[in-house]
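Reading the structure
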Amino acid sequence: MLLEILKTIWILLPAYTPNNFAVIFGGGFPIDFGKNFVDGRRILGDGKTFRGFFSGLIGGVFVAHLQLFIERAAGFAIFSSLSYSQFLQLAFLLSFGSLLGDLTGSFLKRRIGLKRGERAPILDQLDFLVFSLLIASFSEAFWKVFSFENILIAFLITPVLHVVTNRIAYLLKLKDVPW
Ligand code: CTP
Ligand code: MG
């Protein structure tokens, strides 16, 4: 069981880490071009930037490569059991889906009237996971690495991990609010 939880965290790192890269390297020009939606509120808000999106994407794929390296050095094979092109596709889709989920979460937050940075329990914690798994599940490699058990564990542990890591980011002054 513990091993299965650790495996789940491991295979989800390319989905977990993009937002951390976005927090560190993000800022600048907003993806919604500063524009409002038909309801008069911002489409996404100033918290979603091009720099954040692309640094998140590159960051997530970079982390997956580090994992490939670590697996080979440590002698276990999860991502490294895939062909390189399948691995790359999976890493890209997990990261891309995660960032797309984060954008969708912000879009929904603006629609219900929450301002940038205001907390939305459940949505803040699961938006990226739902999209990451959904989008990555279209790749063949996904089902070679993820079992249904891993997906179930992912939904159970992610809210807990999210709260813990955001609190750490807040304490390190990487984020303005602890969520
Ligand atoms: N960030 C970014 N671009 C992204 C995602 C995040 O630049 N695509 C940066 C922003 O500086 C953002 C910070 O990371 O403020 C934290 O991300 P997040 O919590 O997702 O955004 P919030 O500011 O809380 O905005 P929202 O209410 O829309 O979630
Ligand atoms: Mg936030």
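Residues numbered from 1 in each chain as written. Chains lettered and ligands numbered in written order. Predicted model: local features only at pLDDT ≥ 70, side-chain atom pairs only at ≥ 80, totals over all residues. Heavy atoms only, no water.

1. Quick word on the environment of N19
Put simply, the test is: Numbering of helices and strands runs from the N terminus, with a helix taken as a DSSP run of H or I at least four residues long and a strand as a DSSP run of E at least two residues long. For the exposure calls, accessible area comes from a 1.4 Å probe over protein chains only, and a residue counts as buried if that area is under 20% of its type's maximum, exposed if over 50%, partly exposed in between.
Here N19 shows up in helix α1 (residues 2-25). The partly exposed category is assigned to N19, whose relative accessible area is 27%. Counting along the chain gives 33 residues from N19 to G52, while the straight-line C-alpha distance between them is 7.9 Å.

2. As for the site of ligand 1
Here is the rule we go by: If even one non-hydrogen atom of a residue comes within 4 Å of a molecule or strand, that residue is called near it. Think of a polar contact as two N or O atoms within 3.5 Å of one another; within protein, one of them needs to be a possible hydrogen donor and the other a possible acceptor, and neighboring residues in sequence only count if both atoms come from side chains. Note on areas: Shrake-Rupley, 1.4 Å probe, and residue coverage restricted to the protein chains presented here. Here the nonpolar group is Ala, Val, Leu, Ile, Met, Phe, Trp, Tyr, Cys and Pro; Asp, Glu, Lys and Arg are the charged ones; every other residue, Gly included, is treated as polar.
The environment of ligand 1 is made up of 18 residues, and the closest members are K48, T49, S106, R116 and G117. In this structure, K48 approaches ligand 1 through a side-chain N or O atom, which is 2.6 Å from an oxygen atom. Between R116 and ligand 1, the recorded distance is 2.7 Å, taken from a side-chain N or O atom to an oxygen atom. Expressed as a share of its isolated accessible area of 570 Å², the protein-covered part of ligand 1 is 89%. For the shell around ligand 1, the secondary-structure elements that each account for two or more residues are α1, α2 (50-74) and α3 (84-111). For the shell around ligand 1, a count of residues per class yields 3 nonpolar, 8 polar and 7 charged.

3. Details of the pattern of salt bridges
Here is the rule: Salt bridge criterion: a side-chain nitrogen from Lys or Arg within 4 Å of a carboxyl oxygen from Asp or Glu.
Scanning the model with the defined rule gives 7 salt bridges in all. Residue R42 pairs with D32 through a salt bridge whose shortest N-O separation is 2.8 Å. Within this pair, whereas R42 is found in the loop between α1 and α2, its partner D32 is found in the loop between α1 and α2, the two being separated by 10 residues in sequence. Given a relative accessible area of 5%, D32 falls into the buried group.

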